[in-house]
Amino acid sequence: MSLLAAAGVVCGYGAADEILHGADLAVRPGELVAIIGPNGAGKSTLLKAIAGMLRLKRGTICFDGRPIERTSAGERARMGIVFVPQEANVFPTMTVSENLEMGGFLEPRQARQKIAVLSERFPVLGEKRRAAARTLSGGQRQVLAMAMALMVGPRLLLLDEPSAGLAPLAADKLFATIGAIHREGTAIAMVEQNALSALAIADRGVVLVDGRAARTGPAHAMAEDPEVRRLFLGG
Ligand SMILES: Nc1ncnc2c1ncn2[C@@H]1O[C@H](COP(=O)(O)OP(=O)(O)O)[C@@H](O)[C@H]1O
Ligand SMILES: [Mg+2]
């Protein structure tokens, strides 16, 4: 059974605006799904709809077999659906420690222990714990954003272009980190421009075009698919 099953999702931003025209997305427990597709296809919109930030006009979203279309974003977070947006995903003027505490707001009593575990896992967060988040490099900031999400104990991580703006080396390191989180059993739906790198760590790929899932398949097969390569991978 799917952990997440979004089907026929129609939604947008204004009352008349339909950005998603019946989008589908399924994520199995522990699965890493890479969502690729052209700019403006609605990839970020789909993640926002799943996170509960946009009201659906039509369609269903089930988590653990329960319909959640009318569940608030906060309640979805408590259910374990944790969204890391592409931008503004840390509090820039707050320190690294304070950011992690914000990530642990759902269970403040466990925050200190969780911060200790995460600082061991990502040493840079311990080293920089008193530094303002805005002083971090792009890669460090993304690690912080990811660690804030892990503070919640996510069952489904929604990552919007985690490698955006990173130098190739920092992007490689971040993808390795995401792969490790996946191997520990967390289900992940990840939107990426960097399609080949995303497919390399994913179980399955989904191509979103014009507000619909145009195709899906095993990630390794998709990375070899001539049409996918022509459209999204530059040859
Ligand atoms: N906050 C918003 N208000 C109105 N329109 C938006 C907003 N965010 C995105 N859009 C529009 O929705 C469409 C899909 O955007 P988005 O989901 O961000 O695409 P992608 O992430 O695939 O590049 C675009 O046409 C974009 O202009
Ligand atoms: Mg986007």
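Just above sits the structure.
Residues numbered from 1 in each chain as written. Chains lettered and ligands numbered in written order. Predicted model: local features only at pLDDT ≥ 70, side-chain atom pairs only at ≥ 80, totals over all residues. Heavy atoms only, no water.

Caption draft 1: View of helix 4 (residues 111-121). Those residues of helix 4 that fall on the buried side of the exposure criterion are Ala111, Lys114, Ile115 and Leu118. Seen from one end, helix 4 has its buried residues packed into an arc of 100°, which puts them on one side. Exposed and facing more than 90 degrees away from the buried side of helix 4 are Arg112, Gln113 and Glu120. Close packing links the buried residues of helix 4 with helix 3 (96-103), helix 5 (123-127) and helix 6 (138-151). (Buried < 20%, exposed > 50% of the residue type's maximum accessible area, 1.4 Å probe, protein only. Helix = DSSP H or I, 4+ residues; strand = E, 2+ residues; numbered from the N terminus. Arc of directions from axis to C-beta. Contact = heavy atoms within 4.5 Å.)

Caption draft 2: Spatial organisation of the site of ligand 1. Close to ligand 1 lie Tyr13, Ile19, Pro38, Asn39, Gly40, Ala41, Gly42, Lys43, Ser44 and Thr45. Interatomic distance of 3.5 Å between a side-chain N/O atom of tyrosine 13 and a nitrogen atom of ligand 1. At a separation of 2.5 Å, an oxygen atom of ligand 1 approaches a polar side-chain atom of threonine 45. Starting from 570 Å² of accessible surface for ligand 1 in isolation, the protein chains cover 58%. (Near = heavy atom within 4 Å. Polar contact = N/O pair within 3.5 Å; in protein donor to acceptor, adjacent residues only side chain to side chain. Areas by Shrake-Rupley, 256 points an atom, 1.4 Å probe, with all protein chains shown as cover.)

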